[in-house]
Amino acid sequence: MIGFPLGAATTAAELARDPHPRLAELRAREPVSWLPELNGWLVTRRDLALDVMRDAETFTVDDPRFSTARIVGPSMLSLDGDAHSRHREPFTAPFRPREVRDGFAGFIEGETDRLVTALAPAGAAELRRAFAGPLAVAVVTEALGLVGADTDTVLSWYEAIVRSVSDITEGRAPGPAGPQAYAQLRRAVEATVAEGADSSLLARAAGRLEPPEVASNAAVLMFGGIETTEAMITNALLHLLGHPDQLALVRADFALLDGAIEESLRLEPGAAVVDRYATRDITLGPAAIQRGDLVTVSLTGANRDPEVFPDPDRFDVRRANARLQLAFAHGPHYCLAAHLARLETRIALRQLLDRLPGLRLDEAHPAAPHGLVFRKPPALHVLWG
């Protein structure tokens, strides 16, 4: 593709390791750029990112190349229009703000208390795997109410499915583990629906969707609820502990905790990109996009657009417009469980900061987010006491 030299020089490895300098260059000079390594367009400017995510008729997820659908089949994540609404609507009620608070706050408080109590005597931990991941898995397991599936089982399914989706996204052939895990999940969903408990989100959805559709959407909820929430908690901890001045502001006034969470989401969204496919020829910014082209929106790039967020690389828990971040996407595919993810993160951070005195990063184990599609530190070692 002629006319996009910055895109031609951009590598997937660079975007996985430290994307922000390159994304800033692209946003300023090639806000819609052709990246040969992605075999598609990358959108980095916030206004153009919104144009793409709002217009599901022109930029669709409903394409055979969509990675998640290749593992779990059609779902609310990979359909548009009436089909998308039909898949999504049966799951919306429990994830509204009041229902989230009433239905999940007590469970999250209890699970967080259990995890922190177990960690506290040690004085040191790796919090991604010892805290953020187990909490996210427990909440998803509780939300889905799967018959015969404990948190370890759900985690094993999730890890296999994520690995397969990531392989496809990065151009590799997925192994058999992902489809095998999804088959096991589907059997658990069928058993849950057959039991028909009124309290089961899946059983209620089965009144409006076919069994394979309930299973595919359960996989999407599991996938999103674990991957992005684990990243959200871990990244927020990294940002707060890495900026002692901002942490001091939050400790002095916990009303700033929500601002810290939004600012962390802005700086490092757990899902760095979302994919769409052009349904027609269209001009977007400087790019002449052709029907069928892959159009990838960089949420990471859009979230640091200086036209919207002055001094965009700075972590500022008092930033007035941090909630304009796009970490949960936008438009018809805005994250269904955004309120639940925020609640989990708020409770998790508050308990960690309250109950682990002197919580700080372990300088012997430096941490930084990593990943092309999903971004978080591979490990987050901390000390306290």
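Everything discussed here concerns the structure shown above.
Quantities reported herein were computed from a predicted structural model and do not represent experimental measurements.

Draft legend 1. Structural view of the overall build of the protein chain. Of regular secondary structure, the protein chain possesses 16 helices and 10 strands. Against the globule reference of 21 Å for 385 residues, the protein chain gives a C-alpha radius of gyration of 20 Å, in line with a compact fold. Along the three orthogonal principal directions, the C-alpha set of the protein chain runs to about 60 × 55 × 35 Å. Burial analysis of the protein chain (385 residues in total) assigns 56% to the buried set. Across the protein chain, the fraction of contacts at a sequence separation of at least 24, relative to all contacts at a separation of at least 6, is 70%. Total accessible area on the protein chain stands at roughly 16000 Å², and carbon and sulfur atoms take up 52% of it.

Draft legend 2. Fine view of the environment of leucine 372. Mapping leucine 372 onto the fold places it in the loop between strand E9 (360-361) and strand E10 (381-383). With residues near it in sequence (within four places) discarded, leucine 372 still touches Ala12, Leu15, Ala16, Leu38, Glu170, Ala272 and Val273.

Draft legend 3. Region of interest: the sheet that holds strand E4 (residues 124-126). Spatially, 3 strands are ordered E4-E10-E9 in an open sheet, and the strand pairing comes out antiparallel. Two strands bound the open sheet, and with one partner strand each, they are E4 and E9. Relative to E10, E4 is paired through 3 bridges, and the arrangement is antiparallel. The residue bridging alanine 125 from the neighbouring strand is valine 382, located in E10. Each of E4 and E10 is contacted by helix H8 (residues 127-144), which is oriented at about 70 degrees to E4, the strand it contacts most.

Draft legend 4. Spotlight on the pattern of salt bridges. For the coordinates displayed, the defined rule picks out 24 salt bridges. With its nearest N and O atoms 3.1 Å apart, the salt bridge here joins arginine 22 to glutamate 14. On the basis of relative accessible area, arginine 22 is assigned to the buried category, the value being 13%. Residues arginine 323 and glutamate 262 are paired through a salt bridge, measuring 3.6 Å at the closest nitrogen-oxygen approach. Remark: glutamate 262 occurs in helix H14 (residues 257-267) and arginine 323 occurs in the loop between helix H15 (299-302) and helix H16 (338-355); sequence separation between them is 61 residues.

Draft legend 5. View of helix H9 (residues 151-169). Compared with an ideal rise of 1.5 Å per residue, which puts 19 residues at 27 Å, H9 spans 26 Å between its outermost C-alpha atoms and is within 8% of the ideal. Where H9 is concerned, the buried positions are Val154, Trp157, Tyr158, Ala160, Ile161, Val162, Ser164, Val165, Ser166, Asp167 and Ile168. Of the surrounding elements, those touching the buried residues of H9 are helix H5 (67-72), H8, helix H10 (177-195) and helix H12 (211-242). Glycine 171 sits one or two residues past H9 and shows a positive phi near 85 degrees.

Draft legend 6. Molecular detail of the sheet that holds strand E5 (residues 273-278). Strand order in the open sheet made by the 5 strands is E1-E2-E8-E5-E3, with mixed pairing throughout. Looking along the sheet, the strands with just one partner apiece sit at the ends: strand E1 (32-35) and strand E3 (59-60). Bridge count for E1 against strand E2 (residues 40-43) is 4 bridges, and the pairing is antiparallel. Directly across from valine 32, in E2, lies its bridge partner valine 43. Taken strand by strand, helix H4 (residues 46-54) contacts E1, E2, E3, E5 and strand E8 (294-298), and its axis lies near 125 degrees from that of E8.

Draft legend 7. Focus on the nonpolar core. If you look at the biggest cluster of nonpolar residues, it comprises 96 residues, and the most contacted ones within it are Phe131, Leu146 and Met222. Element by element, the count of residues in this core is highest for H12, at 16 residues. Leaving out residues up to four positions away in the same chain, phenylalanine 131 has contacts with Thr112, Leu115, Val116, Leu119, Ile233, Ala348 and Leu352. Grouped together as the second largest cluster of nonpolar side chains are 23 residues, Phe4, Val274, Ile289 and Leu299 included.

Draft legend 8. Spotlight on the packing of aromatic side chains. Enumeration according to the criterion identifies 5 aromatic pairs in this entry. Ring centres of phenylalanine 4 and tryptophan 41 lie 5.2 Å apart, and the angle between their planes is 85 degrees; on these two criteria the pair is classed as edge-to-face. Note that phenylalanine 4 is positioned in the segment before helix H1 (5-8) and tryptophan 41 in strand E2, a separation of 37 residues in sequence. As far as the burial class goes, phenylalanine 4 and tryptophan 41 line up, both buried. Summarising the aromatic geometry, the rings of phenylalanine 328 and tyrosine 334 are spaced 6.1 Å apart at their centres and angled 65 degrees between planes, so their arrangement reads as edge-to-face. Phenylalanine 328 sits in the buried class, given a relative accessible area of 8%. The class of tyrosine 334 is partly exposed, set by a relative accessible area of 29%. Ring pairs connect the aromatic residues Phe4, Trp34 and Trp41, which therefore count as one cluster. Here arginine 266 stacks its cationic end above the ring of phenylalanine 309, 5.1 Å away from the centre of that ring. The lysine or arginine in question, arginine 350, covers the ring of phenylalanine 254, its NZ or CZ lying 3.9 Å from the ring centre.

Cut-offs applied
- Residues numbered from 1 in each chain as written.
- Predicted model: local features only at pLDDT ≥ 70, side-chain atom pairs only at ≥ 80, totals over all residues.
- Heavy atoms only, no water.
- Helix = DSSP H or I, 4+ residues; strand = E, 2+ residues; numbered from the N terminus.
- Rg over C-alpha atoms; globule rule 2.2 N^0.38 Å.
- Buried < 20%, exposed > 50% of the residue type's maximum accessible area, 1.4 Å probe, protein only.
- Contact = heavy atoms within 4.5 Å.
- Areas by Shrake-Rupley, 256 points an atom, 1.4 Å probe, with all protein chains shown as cover.
- Pairing = 2+ DSSP bridges.
- Axes fitted to C-alpha atoms, helices over the stretch in contact; angles between N-to-C directions.
- Salt bridge = Lys/Arg side-chain N within 4 Å of Asp/Glu carboxyl O.
- Expected span 1.5 Å × (residues − 1).
- Core = buried A, V, L, I, M, F, W, Y, C linked by side-chain atoms within 4.5 Å.
- Phe/Tyr/Trp six-rings, centres within 6.5 Å; stacked < 30°, edge-to-face > 60°.
- Lys NZ or Arg CZ within 6 Å of the ring centre and 35° of its normal.

These figures come from the coordinates and say nothing about function on their own.
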